[in-house]
Amino acid sequence: GQSLEQPSEVTAVEGAIVQINCTYQTSGFYGLSWYQQHDGGAPTFLSYNALDGLEETGRFSSFLSRSDSYGYLLLQELQMKDSASYFCAVRDNYGQNFVFGPGTRLSVLP
Amino acid sequence: DAGVIQSPRHEVTEMGQEVTLRCKPISGHDYLFWYRQTMMRGLELLIYFNNNVPIDDSGMPEDRFSAKMPNASFSTLKIQPSEPRDSAVYFCASRRGQGSNQPQHFGDGTRLSIL
């Protein structure tokens, strides 16, 4: 089976940098994805890592270490609109499903 | 491009009633997923389809839940009879292809309240 762990909450101020960690245990591994969900909204795709290293997309970057079963999402130059929940997800080894982590609620303060 | 379309956006009904949730995936997407989200259990997969065929329904809570995909542009999730513990946000998502780098596109969800 699969299990993913994330911190439940993170708080930071505007303009700061924040890192949201994700550790996973899976029977197989096909990459780590990150999704953002605003209150009352739908999850939206942010990034995907299949190989070790850092992937950068604007203010957001995502990192993966397969040997450590660990990844993180890095948000730079935080803005108020970044206040949301962030989910890591891994693909089920035996199917096409993405198993989602419990989510990290990010609060950005002025 | 139109995204994944779900209806209704909100549903309030009394326990024991039948509830039908609807989803129109993005055109050309061959995978369709139904999720349920609650505070206690997070985002859980209920069932997914590939080319209209149910592939994995192991997440369906019990026999009260059923899902169909009669064609590539429409799917339903039905709960009969509904119970208060079914109250949740139900999301439909679709994806093109098998690649893990292909993102899932979520609809806006149906907020279901069973009284």
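Residues numbered from 1 in each chain as written. Chains lettered and ligands numbered in written order. Predicted model: local features only at pLDDT ≥ 70, side-chain atom pairs only at ≥ 80, totals over all residues. Heavy atoms only, no water.

S.K.: Can you break down the environment of F106 of chain B residue by residue, with the values?
M.R.: Within the secondary structure, F106 of chain B sits in strand 10 (residues 105-106). Along the primary structure F106 of chain B and L43 of chain B are separated by 63 residues, whereas in three dimensions their C-alpha atoms are 12 Å apart. When residues no more than four places from it in sequence are discounted, the contact partners of F106 of chain B are Y35, A42, P43 and F100 of chain A together with V4, Y35, L43, F91, C92 and A93 of chain B. (Helix = DSSP H or I, 4+ residues; strand = E, 2+ residues; numbered from the N terminus. Contact = heavy atoms within 4.5 Å.)

S.K.: Give a detailed account of the interface of chain A and chain B, specifying residues and quantitative values.
M.R.: Of the residues lining the interface, 17 residues belong to chain A; the matching set on chain B comes to 20 residues. Buried area between chain A and chain B, summed over both chains or domains, comes out near 1500 Å², and the portion from carbon and sulfur atoms is 55%. Between the two partners, chain A and chain B, sit zero salt bridges. Here chain A is connected to chain B by three residue pairs in polar contact (both at pLDDT 80 or more). Across the side of chain A that touches chain B, the residue classes tally to nine nonpolar, seven polar and one charged. (Buried area = accessible area lost by both parts, 1.4 Å probe. Salt bridge = Lys/Arg side-chain N within 4 Å of Asp/Glu carboxyl O. Polar contact = N/O pair within 3.5 Å; in protein donor to acceptor, adjacent residues only side chain to side chain. Nonpolar A, V, L, I, M, F, W, Y, C, P; charged D, E, K, R; others polar.)

S.K.: Give me the sheet that holds strand 3 (residues 19-24) of chain B: which residues, what numbers.
M.R.: Residue and element names in this part refer to chain B. One open sheet holds the four strands; their spatial order is 1-3-8-7, and the pairing between them is antiparallel. On the outer flanks of this sheet lie strand 1 (5-7) and strand 7 (65-71), each paired with one strand and no other. The sheet shows a mean angle of 15 degrees between the axes of neighbouring strands, taken without regard to direction. (Pairing = 2+ DSSP bridges. Axes fitted to C-alpha atoms, helices over the stretch in contact; angles between N-to-C directions.)

S.K.: Explain the nonpolar core to me, using residue names and the numbers behind them.
M.R.: Grouped together as the largest cluster of nonpolar side chains are 22 residues, with contacts concentrated most on L32, W34, L75, Y86 and L106 of chain A. Of all the secondary structure elements, the ones that give two or more residues to this core are strand 2 (9-13), strand 3 (18-25), strand 4 (32-37), strand 7 (60-65), strand 8 (70-75), strand 9 (84-91) and strand 11 (104-109) of chain A. If we skip the residues at most four places from it in the chain, L75 of chain A touches A16, I17, V18, I20, R59, F60, D82, Y86 and L106 of chain A. By size, the runner-up hydrophobic cluster in this structure holds 21 residues, among which are L46, M60, I79 and L112 of chain B. (Core = buried A, V, L, I, M, F, W, Y, C linked by side-chain atoms within 4.5 Å. Buried < 20%, exposed > 50% of the residue type's maximum accessible area, 1.4 Å probe, protein only.)

S.K.: Account for the pattern of salt bridges, with residues named and values stated.
M.R.: Residues and elements named next belong to chain B. Enumeration over the complete set of coordinates arrives at twelve salt bridges over all chains. Across the pair E44 and R41 runs a salt bridge whose closest N-O atoms are separated by 2.7 Å. E62 is the salt-bridge partner of R85, the closest N and O atoms lying 3.2 Å from each other. Of the two residues, R85 is situated in the loop between strand 8 (74-79) and strand 9 (88-95) and E62 in the loop between strand 6 (53-56) and strand 7; the sequence distance between them amounts to 23 residues. The exposed category is assigned to R85, whose relative accessible area is 54%. Owing to a relative accessible area of 27%, E62 belongs among the partly exposed residues under this scheme. Overlapping salt bridges, with partners in common, bring together E62, R64, E83, R85 and D86 in one network.

S.K.: So what's going on with the layout of surface pockets? Residues and values would help.
M.R.: Considering only enclosed or pocket space, the largest pocket measures out at about 530 Å³ in volume. Forming the boundary of the largest pocket are 21 residues, of which S85 and F87 of chain A together with Q37, T38 and M39 of chain B lie nearest the centre. Those elements that provide at least two residues to the lining of the largest pocket are strand 9 and strand 11 of chain A together with strand 4 (31-38) and strand 9 of chain B. Taken together, the residues that form the lining of the largest pocket break down as six nonpolar, eleven polar and four charged. (1 Å grid on protein atoms, 1.4 Å probe; cavity = no way out; pocket = protein on both sides within 12 Å on 5 of 7 lines; lining within 4 Å. Points joined across faces, edges and corners; volume = space filled by probe spheres on them.)

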